[in-house]
Amino acid sequence: MAATLSTFAYLVAAVLFILALRGLSHPTTSRQGNLFGMVGMGIAIVATLLRPGMGGGGIGLIILALAIGGGAGAYIASRIQMTALPQLVAAFHSLVGLSAVFVAAAAFYAPESFGIGHAGEIHGGSLVEMSLGLAIGAITFSGSVIAFAKLQALMSGAPITFKGQHWLNLGLGILLVVLIIGFVASGSAALFWLIAILAFALGFLLIIPIGGADMPVVVSMLNSYSGWAAAGIGFTLSNLLLIVTGALVGASGAILSYIMCKGMNRSIINVLLGGFGTDAGGAAAGGGATGDRAPVKAGSPEDAAYIMRNAQKIIVVPGYGMAVAQAQQVLREMGDLLKKEGAQVEYAIHPVAGRMPGHMNVLLAEANVPYEDVKELEEINPEFADADVAFVIGANDVTNPAAKTDKSSPIYGMPILDVERAKTVFFIKRGMASGYAGVDNELFFRPNTMMLFGDAKKVTQEIVQALQRD
Ligand code: NAP
């Protein structure tokens, strides 16, 4: 009876997880999606605790682990800045990978507890599941640690490349498969640990060559890996829900990686092999078109207010700096004022603006910017030519024409928002610093560009005041 009830509860939880993913696919339904996910996870935890064979001591230990892990998670999540979410996600992925490694080791050394045979006589199928969980888990762990270090600026975001890197990665990948076959045939402990070491090294090697601007794809790819690692644990533990949940995360992460690759104009095969968008010894972060340049034209918030009051069509381009400054509310106020003056105001979203997929959509939704005013890159790009003003607030890489013109640039090939086609381009930023990819932006020096130096929130507030004054 308890077993049937637990299986039924697992089914309900799995359906709720699917509804959660569906809800998260659009800003209007994302809150509901989160709610489905939370309820599903609650049901899954209770159903697991009620599974037959779960002794009192086991339940006590699980509750203790839940309290420690849940407490730490709640504490970290309540303190984390929105802008630091990508590195938090990378850090959490690394834990999923590490648990897959631990579960595989536990199953290998205590197979009786998992009902998969005896020491030295583990069932062949279980050895396959265990070795896959181990390899994917170890790759996820070390890859996520490197992604975390890069995103947290604990190590340079510049690609680390060397000659023959792709071939080395490919060779190690093939060796890993050979070791797994050897392990399944022999059940050898030495091969088990060789797989672990090689997979840790591979995770590290796959992520170090990836440079700044390509990190979003890496984060979603590691998301996918962590899902497959969880599915691997599910097989070892014979837990159906973990297999389903892992597969959902793995598949949705893979789809997101594909969408991001398309958005960044990168090849998914290169992503899987590591080090895409870079050539060994070639492009590194830094440098864009340099040389003799016109002086930068700087303006004041009053100048900007004057020009925008006389504009018919204004396209706002938000980026990471808007998130840092938390300028979205005042930006919406500015948009509302300009609309009252009769201007058309739209918001252009680049797929990798900010530091996580959907970052700008979330912030604009939080500020109640109407969804119909928010446009994706393909939709808005043809409109810049008719725009009087492109109001670039804290965005940089996503507007950088080096992506179209400079083959040696790490962002070469990435589609960008064509802001320079607008009559006037405002860049709101604190100084002349480059963006995440470390590439100079020649648009700052163009004759139709006016720099508005300062914190994005402060400058926009001053523009709002100037608009309200007259
Ligand atoms: P960006 O290229 O990183 O540029 C942001 C700009 O904001 C900087 O040049 C900075 O210049 C300015 N800024 C920072 N704080 C500010 C503040 N308080 N007020 C005003 N300006 C401020 O940002 P982006 O154009 O949004 O491009 C995103 C980049 O991050 C891409 O390279 C993307 O590949 C990468 N990335 C994206 C994700 C993702 O999933 N979306 C994840 C990881 C990495 P100043 O210092 O001069 O102010």
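Residues numbered from 1 in each chain as written. Predicted model: local features only at pLDDT ≥ 70, side-chain atom pairs only at ≥ 80, totals over all residues. Heavy atoms only, no water.

An unreviewed UniProt entry lists the protein under the name NAD(P) transhydrogenase subunit beta, with Belnapia rosea given as the organism. Check the Function (unreviewed entry) section of the UniProt entry for the protein; it says "The transhydrogenation between NADH and NADP is coupled to respiration and ATP hydrolysis and functions as a proton pump across the membrane." Recorded in UniProt under Sequence similarities (unreviewed entry), the annotation for the protein is "Belongs to the PNT beta subunit family." (UniProt positions renumbered as here; feature names shortened; annotations may be inferred.)

(A) Seen up close, the nonpolar core. In terms of nonpolar packing, the biggest core is built from 70 residues, with M308, F391 and I463 touching the most fellow members. With six residues, helix 18 (residues 456-469) is the single largest residue contributor to this core. Counting residues in hydrophobic clusters, the runner-up holds 40 residues, among them A135, L176, I180 and L222. (Core = buried A, V, L, I, M, F, W, Y, C linked by side-chain atoms within 4.5 Å. Buried < 20%, exposed > 50% of the residue type's maximum accessible area, 1.4 Å probe, protein only. Helix = DSSP H or I, 4+ residues; strand = E, 2+ residues; numbered from the N terminus.)

(B) Region of the structure containing the pattern of salt bridges. Per the stated rule, a full pass over the model turns up 13 salt bridges. Taking the shortest distance from any N to any O, the salt bridge between D388 and K423 comes out at 3.1 Å. Of this pair, D388 sits in the loop between helix 16 (377-380) and strand 6 (389-393) while K423 sits in the loop between helix 17 (402-405) and strand 7 (424-429), placing them 35 residues apart in sequence. Residues K458 and E462 are paired through a salt bridge, measuring 3.2 Å at the closest nitrogen-oxygen approach. In this pair, K458 and E462 are both assigned in helix 18, four residues apart and thus about one turn of the helix distant. Overall, E462 belongs to the partly exposed group, its relative accessible area being 27%. (Salt bridge = Lys/Arg side-chain N within 4 Å of Asp/Glu carboxyl O.)

(C) Representation of unusual backbone geometry in the model. The phi dihedral of A153 falls on the positive side, at around 60°, and the residue is not glycine. If you trace the backbone, A153 turns up in the loop between helix 6 (124-151) and helix 7 (165-186). Taking the relative accessible area as the measure of exposure, A153 reaches 62% and is therefore exposed. Unusually for a residue other than glycine, S238 sits at a positive phi of about 50°. Relative to the helices and strands, S238 resides in the loop between helix 9 (215-236) and helix 10 (240-264).

(D) Layout of the environment of L16. With respect to the secondary-structure elements, L16 resides in helix 1 (residues 2-23). Among the residues examined, L16 registers a relative accessible area of 13% and is labelled buried. Sequence separation between L16 and W228 is 212 residues, and the spatial gap between their C-alpha atoms is 19 Å.

(E) Focus on the packing of aromatic side chains. Applying the stated criterion to the full structure yields eight aromatic pairs. With 5.0 Å between their ring centres and 80° between their planes, F108 and Y109 make a pair best called edge-to-face. For Y109, a relative accessible area of 49% puts it in the partly exposed group. Seen from their ring centres, F108 and F183 are 5.6 Å apart, and the 50° between their planes marks the pair as tilted. Here the residue F108 occupies a position in helix 4 (residues 85-109), and F183 occupies one in helix 7, the gap between them amounting to 75 residues. (Phe/Tyr/Trp six-rings, centres within 6.5 Å; stacked < 30°, edge-to-face > 60°.)

(F) Quick peek at a nonpolar patch on the surface. Among the surface-exposed residues, W167, L170, I174, L175 and V178 lie close enough to one another that they form a single nonpolar patch of about 530 Å² accessible area. Mapping W167 onto the fold places it in helix 7. Judged by relative accessible area, which is 67%, W167 ranks as exposed. (Patch = residues over 30% accessible without salt bridge, like charges linked within 9 Å, V, L, I, M, F, W, Y side chains within 5 Å. Areas by Shrake-Rupley, 256 points an atom, 1.4 Å probe, with all protein chains shown as cover.)

(G) View of helix 8 (residues 189-207). With 19 residues, helix 8 extends 28 Å from end C-alpha to end C-alpha; this agrees with the ideal 27 Å at 1.5 Å per step. Residues L191, F192, I195, A196, L198, A199, L202, G203, L205, L206 and I207 constitute the buried set of helix 8. For helix 8, the N-terminal capping position is held by S188, with its side-chain oxygen 3.2 Å away from the main-chain nitrogen of A190. (Expected span 1.5 Å × (residues − 1). Polar contact = N/O pair within 3.5 Å; in protein donor to acceptor, adjacent residues only side chain to side chain.)

(H) Region of the structure containing the UniProt feature "transmembrane region" (unreviewed entry) in the protein. As recorded in UniProt, the feature "transmembrane region" (unreviewed entry) lies at residues 6-24, 33-50, 56-76, 88-110, 130-155, 167-185, 191-210 and 241-261. Helix makes up 85% of residues 191-210 and strand 0%, and the two end C-alpha atoms of the span are 30 Å apart.

(I) Structural detail: the pairing of strand 6. Of all five residues in strand 6, five are buried; the element is thus mostly enclosed. Burial of strand 6 is two-sided: the residues V389, F391 and I393 facing one way and the residues A390 and V392 facing the other way are all buried.

(J) Looking closely at the side chain of S220. Its location among the elements puts S220 in helix 9. On the basis of relative accessibility, which here comes to 3%, the residue S220 falls in the buried class. A distance of 3.1 Å separates a polar side-chain atom of S220 from the backbone oxygen of V217. Only 3.2 Å separates the side chain of S220 from the side chain of S257, close enough to count as a polar contact.

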